[in-house]
Amino acid sequence: MRKVLYIFGLLTDADIDWMARVGIRRRLKDGEILIEQGKPIDSIILLLEGQLSVAVRDVGPLARLGVGEIVGEMSMVDSAPPSATVAAEGECLILLLDKKILLQKLTTDAPFGCRFYNALAVFLADRLREMGHRLSGNDEQDLAAETISKDELDVAILDNVSMAGDRFDRMLKVLTGV
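Residues numbered from 1 in each chain as written. Predicted model: local features only at pLDDT ≥ 70, side-chain atom pairs only at ≥ 80, totals over all residues. Heavy atoms only, no water.

K.L.:
What am I meant to see in the pattern of salt bridges here?
P.N.:
Pairing of side chains with opposite charge becomes possible as their charged atoms draw close. This structure, assessed with the given rule, holds 6 salt bridges. We note a salt bridge from Glu-49 to Arg-27, for which the minimum N-O separation is 3.2 Å. Of the two residues, Glu-49 sits in strand β3 (residues 43–56) while Arg-27 sits in strand β1 (residues 24–28), which places them 22 residues apart along the sequence. With a relative accessible area of 31%, Glu-49 lands in the partly exposed category. Where Glu-36 meets Lys-39, a salt bridge forms, and the shortest distance between an N and an O atom there is 3.6 Å. (Salt bridge = Lys/Arg side-chain N within 4 Å of Asp/Glu carboxyl O. Helix = DSSP H or I, 4+ residues; strand = E, 2+ residues; numbered from the N terminus. Buried < 20%, exposed > 50% of the residue type's maximum accessible area, 1.4 Å probe, protein only.)

K.L.:
What's the story with the confidence of the model for the chain in this structure? I'm lost.
P.N.:
When pLDDT is averaged along the chain, the result is 82, and 82% of the positions lie at 70 or above. This model gives residues 141–149 a pLDDT under 50, and the stretch forms 9 contacts once residues within four places in sequence are excluded. (pLDDT = per-residue confidence, 0-100. Contact = heavy atoms within 4.5 Å.)

K.L.:
What exactly am I supposed to notice about the nonpolar core here?
P.N.:
Judged by nonpolar contacts, the single largest core of 30 residues is most densely connected at Phe-8, Leu-46 and Met-171. Secondary-structure elements contributing two or more residues to this core are α1 (2–10), α2 (13–22), β3, β6 (85–98), α3 (99–108), α4 (110–136) and α5 (143–176). A total of 7 residues in this core trace back to one element, the largest contributor, which is α4. Setting aside residues up to four positions removed in sequence, Met-171 forms contacts with Phe-8, Ile-16, Met-19, Ala-20, Leu-46 and Leu-95. Core analysis: the next-biggest nonpolar cluster, separate from the first, contains 18 residues, Leu-34, Leu-65, Val-86 and Leu-96 among them. (Core = buried A, V, L, I, M, F, W, Y, C linked by side-chain atoms within 4.5 Å.)

And the structure:
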């Protein structure tokens, strides 16, 4: 959840409203595959309710993702197909942001583009460090990764937590009709 709070803290109310307006809300059933390793995707996905599992062929499960996590984000920075399979663990509610619509917004709204790519870069760096730490099997904390994570994510979240949380809650209300 802290990553989406970071991202929503960087984006404006208008950005969040736009995402809620153009995004497609979808329910997933338990075990439903959202992203298949090696098959291109056309959306970035925000997990609104539930839990997702991430697995790599010939390796097995790598991660379990909760509310507020984003998947498919690497498709915004390169054209390689997904490197993992993502599936629903139980019922989930997701928001799909079509890559073509998002790319058009990024090219026509430079301030949004700057905010979005800044958040995406920190998000990806944090995810890469977390995965590297998990895969290394090293029980010692990577101080550089922890410092960067705290500096970039945690401090920004603390500065914007109320605003970001309100934005996420507002998006959920709009999308779920609650």
